[in-house]
Structures are given as structure tokens and as C-alpha cells.
Amino acid sequence: MKLPIVCSQCMKDDIENAMPIAAVEFRDDGRYEVACPKGHRAIVFLQQQKFEILFDIGAYAIADGYHREAVSSFTASLERFYEFFIRALMLQKSIDPEVIDAAWRTVAAQSERQLGAFTLLYTLEFGRPPQLLSGPRIAFRNDVVHKGRIPTRPEALEYGQAILEVVRPILRDAQERFPDGIQKMVSRHLSQSHTAADLGQPAATLWITTIISLSVVDASHHSRSLEQAVAGLRRRPA
Ligand SMILES: [Zn+2]
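In this text the structure is predicted, and so the values were computed from the model without any measurement.

About the criteria used
- Residues numbered from 1 in each chain as written.
- Predicted model: local features only at pLDDT ≥ 70, side-chain atom pairs only at ≥ 80, totals over all residues.
- Heavy atoms only, no water.
- Donors = N, O, S within 2.8 Å, 3.2 Å for Na, K, Ca; no water.
- Tetrahedral: all angles 85-135°; square planar, octahedral: opposite > 155°, others 65-115°.
- Buried < 20%, exposed > 50% of the residue type's maximum accessible area, 1.4 Å probe, protein only.
- Domains from an automatic or database assignment.
- Contact = heavy atoms within 4.5 Å.
- Buried area = accessible area lost by both parts, 1.4 Å probe.
- Phe/Tyr/Trp six-rings, centres within 6.5 Å; stacked < 30°, edge-to-face > 60°.
- Helix = DSSP H or I, 4+ residues; strand = E, 2+ residues; numbered from the N terminus.
- Salt bridge = Lys/Arg side-chain N within 4 Å of Asp/Glu carboxyl O.

Engineer: I tried to follow the coordination of the zinc ion on my own but got confused; where do I start?
Structural biologist: Here the zinc ion is held by the protein donor atoms Cys7 (SG), Cys10 (SG), Cys36 (SG) and His40 (ND1), which lie 2.1 to 2.3 Å from it. For the zinc ion, the 4 donor atoms in the first shell make angles of 103 to 118° at the metal, a pattern classed as tetrahedral. You can call Cys10 buried: its relative accessible area is 11%.

Given below as C-alpha cells:
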């Protein structure tokens, strides 16, 4: 799975004919810098959040036959989604970002603590506990991630589908209840991808359609099964 990069200067010069100049590996910091053949320096920031990208990486892993890796990426996507939810909720309530960072550090190293924080904050906000991953799915995940179990394709699909069914309704709840917090998360994610040297440089924000998506409005996109989504993945240029 690679990300096609278009040069922002070439796009400015001739938007009709600007073509991707490179296909790059996904990066943790969301910042992509590529030398354009026309001599420009192309800096691109990917808008999508970590949980959106990680879920797509899992789907591509299934498409490529790496089912253990798919389970691992789906799990990471869910964990980062819980973090996103918690941070967006706190930003909505006007908690200072540095204060949120300081609080997060106390749970950062342990996903069980993060799950506890998520469960209670969700319940506080919505007056009911969230629908979480079921016990058998958690046992399956632990077998795969910690005990080296090699899942089949149907097992990986079923697990990813279960994650989708956990994330989608909670994401809808969050978008309805704290849209400003979510918008602040998106802005903060983009500004954190910038290095000091990027200020004042021409740069572009890149937006891709992911299976779990904060940005796609079309309802049918959010009711597609994982299997349908995997079947529809377009192979990006190598
Ligand atoms: Zn260029």
C-alpha cells in the first residue's frame, strides 16, 4: 500500500496535467517530502488520522494475504481510535492540548488503561456503556498477536468486520456530539506533521478515502462490509 504524491507547485502551474510524481510508503508522522522531476520540492501532509490509515493497512494486508498482519493493524486502529475519541472529547470541553498530553502520558504505555478511560468517558458522555469488542474476539486477537496463531482469511475478515462494527457507531456518536473537538484534532494532526523548516514553504494537504473515514459523507460508504471494501481496493502504483 503506497501513497501517490502530487507536486503542489506543478498543480499550481497546471492543475489539469499535474500527475503523481511518486508513490511513497506510509509514514508515522504524516509528512511526505519528494523531489519533483521539475526541480520543485514537494511537501505533502496527509490529513487522515492514524486510526483511519491503520485500518486501511489492515485491509491491504488481507488483500495481499498477510492475515496475521491484518489482525495486528486492525487492533492498532481500534486502540488509536479510542485515543482519538478521548482526545476529541476533551478538546470539545476546552481542555488545553498540553493538559490532555500530560494526562495521556499516564495511560500511554498500557492499552488496558486506555480502554478503561475510554469506557468510562463514553459512559459519562452518553449515559450508556459503549459496545466493545466481544470476549471471543479479544481471545482470538490475543492468540494471533501474542501466541503466534496464523489466522485464515475468513478469520481476519471476520475480526476486521467486528472492529468496523465497534468503531462506526461510536464515530457517528462522536461526530454528532463533539464536532468541534474532532475538527481541532484534524487541525492539530496537520500542524504536528509540520517541521519548523516547513513554515512558509509551499505545501499541500492530501486527503485520501479510507474505509473508516472521518471525512466521507456518503452513508453507503459507512455501511459497506470489510469484504466489499477489500474487494474494491484499487492497487496503487508500485
Ligand atoms: Zn513539481
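Engineer: Whenever I open this one, the domain arrangement of the protein confuses me. Can you help?
Structural biologist: Interface size is often expressed as the accessible area that is lost when the parts come together. What the domain assignment reports for the protein is domain 1 (2–48 + 192–231) and domain 2 (51–182). For domain 1 versus domain 2, the separation of C-alpha centres amounts to 24 Å. Contact with domain 1, which involves 19 residues of that partner, is made by 22 residues of domain 2. Interface area for domain 1 against domain 2, summed over the two sides, is near 1,700 Å², with a carbon-plus-sulfur share of 68%. Area buried by domain 1 at its contact with domain 2 is led by Ile212, Leu214 and Leu226, which between them contribute 46% of it.

Engineer: Would you mind showing me how to read the packing of aromatic side chains here?
Structural biologist: What describes a pair of aromatic rings is the distance from one ring centre to the other and the angle between the planes of the rings. Under the criterion given, the structure shown has 11 aromatic pairs. On the numbers, 4.6 Å between centres and 35° between planes, the contact of Phe55 with Phe74 is tilted. One end of the pair, Phe55, is in helix 2 (residues 50–63); the other, Phe74, is in helix 3 (residues 67–92), and 19 residues separate them in sequence. Judged by its relative accessible area of 0%, Phe55 falls in the buried class. With a centroid separation of 4.9 Å and an interplanar angle of 80°, the aromatic rings of Phe85 and Phe118 are classed as edge-to-face. Residue Phe85 is found in helix 3, and its partner Phe118 is found in helix 5 (residues 111–126); the two are separated by 33 residues along the sequence. Like Phe118, Phe85 is buried. Of the aromatic side chains, those joined through ring pairs into one cluster are Phe51, Phe81, Tyr82, Phe84, Phe85, Phe118, Tyr122, Phe126 and Phe178.

Engineer: Where do I start with the pattern of salt bridges in this structure?
Structural biologist: In the structure shown here, the tally under the stated rule is 17 salt bridges. Here Arg41 makes a salt bridge to Glu33, at a shortest N to O gap of 2.5 Å. Taking the relative accessible area as the measure of exposure, Arg41 reaches 39% and is therefore partly exposed. A salt bridge links Arg128 to Asp173; the shortest N-O distance between them is 3.1 Å. Remark: Asp173 occurs in helix 7 (residues 153–177) and Arg128 occurs in the loop between helix 5 and helix 6 (135–147); sequence separation between them is 45 residues. Residue Asp173 is classed as buried on the basis of its relative accessible area, which comes to 16%. Connected via shared salt-bridge partners are Arg80, Glu83, Arg87, Asp101 and Arg188.

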